Amino acid sequence: MEQVFSYIISLGASVMMPIIFTIIGLCIGMKFGKALKSGLCVGVGFVGLGVVTALLTTNFDNPLKAISDLYHLQLNVFDMGWPAAAAVAYNTAVGALIIPICLGINLLMLLTKTTRTVNIDLWNYWHFAFIGAVAYFVMGESLAWGYFAAIVCYIITLVCADLTADKFQKYYDLDGISIPQPFCQSFMPFAILINKALDKIPGFSRMDIDADGMKKKFGVLGEPLVLGVVVGVLIGAAAQLDIKKVLFLGITMGAVMELIPRITSLFIEGLKPISEKTSELVKNKFNGKKVHIGMSPALVIGHPATLVSSVILIPVILALAVFLPGNQFLPLASLAGMFYLFPMVLPYTKGNVLKTLIVGLVTLIIGLYFVTDMAPDFTLAANKVYADTHDPTAHIPEGFSGGALDFASSLFGWLIYRGVKLSYVGAGLLALIAIAMMLINRRIIIRSEKEAKQAAGQG
């Protein structure tokens, strides 16, 4: 069984997703042609997104390393990027069975009315496997601790997906969709708290500039495409490259900003028919009970506010990483993951670019310290995986520790990691949090079902 699931994961999102979504489409009653088209659109979207984000990592990796060498930056945590984190996640006994175990938990929560989300974002299950794998190695290769950490993360994420679903659907105009991805959901508490704090500042509410407002206010300079070119040129100049390479980096960053929203439209084209058919099925078969379909945040990372905020924060966080006391991590390979910070932030900031930037800046600064703190055990896990598999993505250069912005910088990942480090006391606290969240969510679900029945009766 472990080898079967390991093989499925090795196929990658671009192969796995079309198969999964075609099968889902057929299971919910779509005609084969429509189901296949939906699946292929999702697969093509993943391929396109991979190509575009690879433009960042392949073209900006060396210039950013050159900046590190030129200015003698002493940052000892090497950015491994999400491929290393995924390699650590899936090349362990925890990762091999994470999909069937989490699907079983999801089914149990649906039956007990502790969630409404059906999480079909199987590719991003590596996030749960990652925290499980780190816990597995931290606690002396204990499968029980590994699965405990992964399951706690899964439960918390499903509940958060439910609690944020209405705001997400309203803001992005995507009925029936929720985002059960822990990296995105872990920034939601920051978005709520910081947004409320900013609203208490006199006059701040008048500074409501969205991406369209930026275009009007700053003209062509407010366009994500132009901002991308400017940031790319600044990075090239800081790396002291020749004019040809500087301009190439500018055009490359501009291309990323322009192409991402075009590619994400493919996800919407593929996922919308499945979402609509699922909603119809739920209405007919489950007496109108509400169910959310858990999708990848890739569905919405092309939003203009996400692009503008990401491209502005890239040079800012690079500069801050150098000067922050105690930080040892310089994000390089992880920069492509910056876009995934904002999908659950925008529904709370309502697309206000200034608010979004402030939330992003605070969470990324804190995230750098999370990565630095987790680095010794990330390194332990990566080294053991590399020794067992010789997977080059898990190889950490000599003299460095390993880290990644992707999930290692998130609140959920760090809290669960620290909880596991506290052993049984931490496990007890994490279990209480997960159980309390399920019970609160169950109460909300039961209340809303009663209200829906009453409304139907009155109608």
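These figures come from a predicted structure and were not determined experimentally.

(A) Local environment of the sheet that holds strand E2 (residues 117-119). Overall, parallel pairing links the 3 strands, which are arranged E2-E4-E3 in an open sheet. Each edge of the sheet is formed by a strand with only one pairing partner; in this case those strands are E2 and strand E3 (177-178). Of the pairings in the sheet, the one linking E2 to strand E4 (residues 292-294) comprises 3 bridges and is parallel in character. Residue pairing for E4: Thr117 is matched across the bridge by His292.

(B) Highlighting the nonpolar core. Core analysis: the biggest nonpolar cluster contains 140 residues, and Ile98, Tyr125 and Phe130 have the highest contact counts within it. Ranked by the residues each element gives to this core, the list is headed by helix H8 (residues 143-172), at 14 residues. Ignoring any residue separated from it by four or fewer positions in sequence, one finds Tyr125 in contact with Tyr90, Ile98, Ile99, Cys102, Leu103, Asn119 and Tyr154.

(C) Main features of the side chain of Arg116. Note on placement: Arg116 falls in the loop between helix H6 (98-111) and E2. Summary of buried charges: Arg116 has no salt-bridge partner, and the nearest side chain of opposite charge, Glu449, is 4.8 Å away. Of note is the side chain of Arg116, whose polar atom sits 2.3 Å from the side chain of Ser448. Not counting chain neighbours up to four residues away, the residues in contact with Arg116 comprise Leu110, Asp162, Lys290, Val291, His292, Ile445, Ser448 and Glu449.

(D) Here's a closer look at the side chain of Asn106. Here Asn106 lies in helix H6. With a relative accessible area of 3%, Asn106 lands in the buried category. At a separation of 2.9 Å, a polar atom in the side chain of Asn106 contacts the main-chain amide nitrogen of Asn119. Ignoring any residue separated from it by four or fewer positions in sequence, one finds Asn106 in contact with Thr115, Thr117, Val118, Asn119, Tyr154 and Leu158.

(E) A look at the packing of helix H4 (residues 81-90) against helix H16 (residues 353-389). At a minimum axis distance of 9 Å, the contact between H4 and H16 shows a crossing angle of 70°. The pairing of H4 with H16 is recorded here as roughly perpendicular in orientation. H16 is crossed by H4, and the crossing has left-handed handedness. Contact residues: H4 offers Ala84, Ala85, Ala87 and Val88, while H16 offers Phe378, Ala381, Ala382 and Val385.

Rules behind the numbers
For every chain, the first residue of the written sequence is number 1, and numbering continues from 1 onward in sequence order. In keeping with the model being predicted, local features are shown solely for residues with a pLDDT of at least 70 and side-chain atom pairs are shown and tallied solely at 80 or more, while totals for entire chains, interfaces and linings include all residues. Excluding hydrogens and water, the side-chain values take into account all heavy atoms of the structure. By the convention used here, strands pair only if DSSP detects at least 2 bridges between them. The helix count covers DSSP runs of H or I at least four residues long, the strand count covers runs of E at least two residues long, and both are numbered beginning at the N terminus. Residues enter a nonpolar core if they are buried and are Ala, Val, Leu, Ile, Met, Phe, Trp, Tyr or Cys, with the set joined through side-chain atoms within 4.5 Å. Partly exposed residues are those whose accessible area sits between 20% and 50% of the maximum for their type, while under 20% is buried and over 50% is exposed, using a 1.4 Å probe and protein chains only. By definition, residues are in contact when any of their heavy atoms lie within 4.5 Å. Only four residue types enter the tally: Lys and Arg on the positive side, Asp and Glu on the negative side; His and the chain ends are excluded. The term salt bridge refers to a side-chain nitrogen of Lys or Arg lying within 4 Å of a carboxyl oxygen of Asp or Glu. Side-chain atoms alone can form a polar contact between residues adjacent in sequence; in general such a contact is a pair of N or O atoms within 3.5 Å, and within protein one must be able to donate a hydrogen while the other accepts it. Helix axes are fitted to C-alpha atoms over the stretch in contact, other axes to C-alpha atoms as well, and angles between N-to-C directions run from 0 to 180 degrees. Any angle that falls under 35 degrees is termed roughly parallel, while one over 145 is termed roughly antiparallel, one within 65 to 115 roughly perpendicular, and all others oblique. Definitions for this section: a left-handed crossing has its near helix turned counterclockwise from the far helix by less than a right angle. A right-handed crossing has that turn clockwise.

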